[in-house]
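Descriptive structure summary
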Amino acid sequence: MVEMEEEGGGFGKKITIGVCVMEKKVKCGSEVFSAPMGQILDRLQSFGEFETIYFGDKVILEDPIESWPICDCLIAFYSNGYPLEKAEAYATLRKPFLVNELEQQHLLHDRRKVYERLKLYGIPVPRYALVNREVAYQELDYFVEEEDFVEVHGQRFWKPFVEKPIHGDDHSIMIYYPSSAGGGMKELFRKVYTVGPEYAHAEARKSPVVDGVVMRNPDGKEVRYPVLLTPTEKQMAREVCIAFRQGVCGFDLLRSDGCSYVCDVNGWSFVKNSHKYYDDAACVLRKMFLDAKAPHLSSVIPPTLPWKLNEPVQPSEGLTRQGSGIIGTFGQSEELRCVIAIIRHGDRTPKQKVKLKVTEEKLLKLMLKYNGGRPRSETKLKSAIQLQDLLDATRMLVPRTRQGRESDSETEDVEHAEKLRQVKAVLEEGGHFSGIYRKVQLKPLKWVKITKSNGEEEEERPVEALMVLKYGGVLTHAGRKQAEDLGRYFRNNMYPGEGTGLLRLHSTYRHDLKIYSSDEGRVQMSAAAFAKGLLDLEGQLTPILVSLVSKDSSMLDGLDNASIEMEEAKARLNEIITSGAKTVQNNGSSEVPWMADGAGLPSNASELLPKLVQLTKKVTEQVRLHAKDEDEELASSDDVIRPYDQGKALGKTNIDVDRIAAGLPCGSEGFLLMYARWKKLERDLYNERKERFDITQIPDVYDSCKYDLLHNAHLNLEGLDELFKVAQLLADGVIPNEYGINPKQKLKIGSKIARRLLGKVLIDLRNTREEAISVAELKSNQDQDSISKKPEKEDAEYQSKLYVKTDDLRRISTTSNTMDQDDDDDKETKYRLDPEYANVKTPERHVRTRLYFTSESHIHSLMNVLRYCNLDESLQEEDSLVCHNGLERLYKTKELDYMSYIVLRMFENTEVALEDPKRFRVEMTFSRGADLSPLEKNDSEAASLHQEHTLPIMGPERMQEVGSYLTLEKMERMVRPFAMPAEDFPPPSTPAGFSGYFAKSAAVLERLVNLWPFHKHANSSAK
């Protein structure tokens, strides 16, 4: 218990907190502990420094103020029936510290006064007009109402618009729709909750203006979306808090057409059903009370919050293992400035692919329809409309009956018809389209020239195209669990000295977080699950994905840039394997094993291939027998089976225990589907007619083996474990060499695939450095460079009560000329808020976090550039960015498995001169991901996780020696030749019509709004 010394120096007492509010605001019927106020007060009490006094309705309403309890700090706010003037008189008499001042609460009753106050403080409000009627339906000469708009004093407001009553407590808000009723509004209301001027928690709900529907979860509560506030919006939150002098305050934020506005201020408001917010609010209020009444006491937050001492550890906490790679800082003078992580998605179902050449006119016309009529351009079909078009065409082309197999000459026609059936079955799966998990590519292969209708000009028309249908690859329950746990691991281990403070760091202005994902559904959902763990969010993944994850397919998708080189690598790889060559050295070098052509391939690869085929057939036959039992109508091994039900697979978080107990495959895959998967592998791996192996199928065989050993071990498929061992030996050699047969080719392919991502990483590091230098320069001369607002005297007094010093608001201008279009807050004038209450290691520090979620190809490519960049002719004299031990460790790391990652952390040594290259140090670590073998029997932790079909994630490993020093300057010099130059990133465009307050941040907010999925017609090129 902490005791307070009285002024006389005698025995101390606790700080008393008076709760002078109507009882309904503290309690919630019989569910006393479910109310936010109760949750927060209980947490405050557990610190042992406070005593809470509840006034109660009888005292507030009936007793004179002279007999009200005396307290050091007062929580008092208006609600229906509350005697606000009486409370004001009590505060004047006893002079307690007020969290929310009482006089200004009168303003909140009148929305006209709220808007006037907001405008007085320069806080943006939506365009609005006042209509003052004495009686309902009173005719007014300045008010004109038409079918689709109203005019007030000549200002026209087109429907849909919102009408609000004058009285702040009246929530009879009406929405008026246009006659077309289609509507086009896509705004989201954000509810922002402040606790003191330096803390803001934000969440969103869909504006009812969109469709009049309030979205609710299964418990009947309105669906809320987590929100990352922009720097401008965080400044607005601070200004609302100060303008109305309400320490705890909720307000509605509206984003529309690239701007942010405050559209309502509600006064005292707490977030509902968020334990993270309750924790934060209690810590912030504690600091406010101690600063006001016991400034001599430390308000540092203990490492473990008092109310969490007896909490059980989360069951999946052990999923991510500690590694040797977190080097940490070299001393107190080093501070973390930036965390950049490139992360592979989590465990998924096997990816499926159907390839067929098509000559049917319906399909060729469809290709031209969606590629703009360009005969040599490929088409990608993903949207529901596009896939429905394809399904309609395919249904007309699929033969109604299957042909027999008597004639060998008909084999190709039969196979083509079967593939069309499979395309049709995939498209029909689930009865609805989920384009994120099914996509079709149509690539023209042959053309003819035909005469146009005018009889003079000729034009090209495609006559044959390659259709590629991809499906499967859905994030499993295990993948979701892995991603969420890795997010928690990052929260607790990547931010030195922060611990749970990262959550408060994030809620302040100090944490600049952006999350990017490729276009693949499994990657997006991995990013959302990771964000949930990192930020300790609650609820479903979809709202998190919608709110926090930005798609950037140009940076994180696709291998097109290196397709030619990759084909060359695969051809050379095939030559090495099938020739039975034992060792093939590159340029005669034998110094290190990873310099050889085909390094990592087993020496007996050519002998393993027939064994792989034989074992694949053995497993396939067993699955066929299971499938035959499941469906006696299975007539032959070539029947086409329907694929995964993606709708069922998506979002699953737990194993279906009943299915496992019944001896069925895990997830939504039945034996028929499982058999189709294995039969295709058997077919594609070895062409018996041509007696040819297809080594590109080796990764897919390995993928299916690993999936079934992990998720379907209960089926006891004989030979599957032996097949896995053979497939793993081959895959460990094949997969790394597909990205280059030797280091120089790996560097070339890696730089082509990851060029844009590398450019973005360099921009992240440079922007962090420029910002850190600006902070340092301002700190060295605060009197000249620091600016602060000069509010009225009463506001200055209020700020001092809330521990806000006059130099707390600092403006920092970044000096870099070329800014990344996505790092929007680097483009505008910035305001830094004093975050000392957060009690994290260094209060002035501003940490940038950039998370990039992608697929295996980009992880391999990025890693190859980082470790082999010194092999480029222009850098021959340089050592590798990765130390020798690191290179050896990477060579022995055959697989960068699910949830593998590369992390770059940049530290600033504040004791070194700004111009010294050693001012900024970059630390590189990587993790192999969940690469433990599913056959591992000697790992008790892994064995228990097998029960959950989940493999642990390996901890980070060092890429540099302990004590080594990789400067940012060297990092930039070594990587720049392979990265997209900053000037090649498209510049942000400022939309017309912006001026004044939003002039600097217009492009920023426009991009942010365009990313929001409710903006269906937003410019998709904006990032």
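The text that follows walks through the structure, step by step, so that each part is easy to find.

Helix and strand content of the chain: 30 helices and 29 strands. The buried share of the chain, reckoned over its 1023 residues, is 57%. Surface summary for the chain: the accessible area is close to 44700 Å², and the carbon and sulfur share equals 47%.

A few words on the packing of aromatic side chains. Applying the stated criterion across every chain yields a total of 18 aromatic pairs. With a centroid separation of 5.8 Å and an interplanar angle of 75°, the aromatic rings of phenylalanine 55 and tryptophan 68 are classed as edge-to-face. Of this pair, phenylalanine 55 sits in the loop between β2 (50–54) and α2 (57–62) while tryptophan 68 sits in the loop between α2 and β3 (73–76), and the two are 13 residues apart along the sequence. As far as the burial class goes, phenylalanine 55 and tryptophan 68 line up, both buried. One aromatic cluster is present, formed by Phe77, Trp268, Phe270, Tyr277 and Tyr278 through successive ring pairs. Geometry around phenylalanine 143 places arginine 133 over its ring, the cationic atom sitting 5.0 Å from the centre. In this structure, lysine 918 packs its charged tip against the face of tyrosine 965, placed 5.5 Å from the ring centre.

For the rest of this paragraph, the subject is helix α21 (residues 720–738). Between its first and last C-alpha atoms α21 spans 25 Å; for 19 residues at 1.5 Å apiece the expected length is 27 Å, and the two agree. At alanine 731, α21 is deflected by roughly 30°, the largest bend along its length. A positive phi of about 135° marks glycine 740, the residue just after α21.

It is worth spelling out the sheet that holds strand β6 (residues 149–152) at this point. Strand order in the open sheet made by the three strands is β5-β6-β7, with antiparallel pairing throughout. For this open sheet the edge positions go to β5 (143–145) and β7 (155–158), each flanked by a neighbour on one side alone. Geometrically, the sheet is characterised by an average inter-axis angle of 15° between neighbouring strands, direction not taken into account. Where β5 and β6 come together, three bridges link them in antiparallel fashion. Residue pairing in the sheet places glutamate 145 in a bridge with valine 150 of β6.

Calculation criteria
Residues numbered from 1 in each chain as written. Predicted model: local features only at pLDDT ≥ 70, side-chain atom pairs only at ≥ 80, totals over all residues. Heavy atoms only, no water. Helix = DSSP H or I, 4+ residues; strand = E, 2+ residues; numbered from the N terminus. Buried < 20%, exposed > 50% of the residue type's maximum accessible area, 1.4 Å probe, protein only. Areas by Shrake-Rupley, 256 points an atom, 1.4 Å probe, with all protein chains shown as cover. Phe/Tyr/Trp six-rings, centres within 6.5 Å; stacked < 30°, edge-to-face > 60°. Lys NZ or Arg CZ within 6 Å of the ring centre and 35° of its normal. Expected span 1.5 Å × (residues − 1). Bend = angle between axes of the 7 residues up to and from the residue. Pairing = 2+ DSSP bridges. Axes fitted to C-alpha atoms, helices over the stretch in contact; angles between N-to-C directions.

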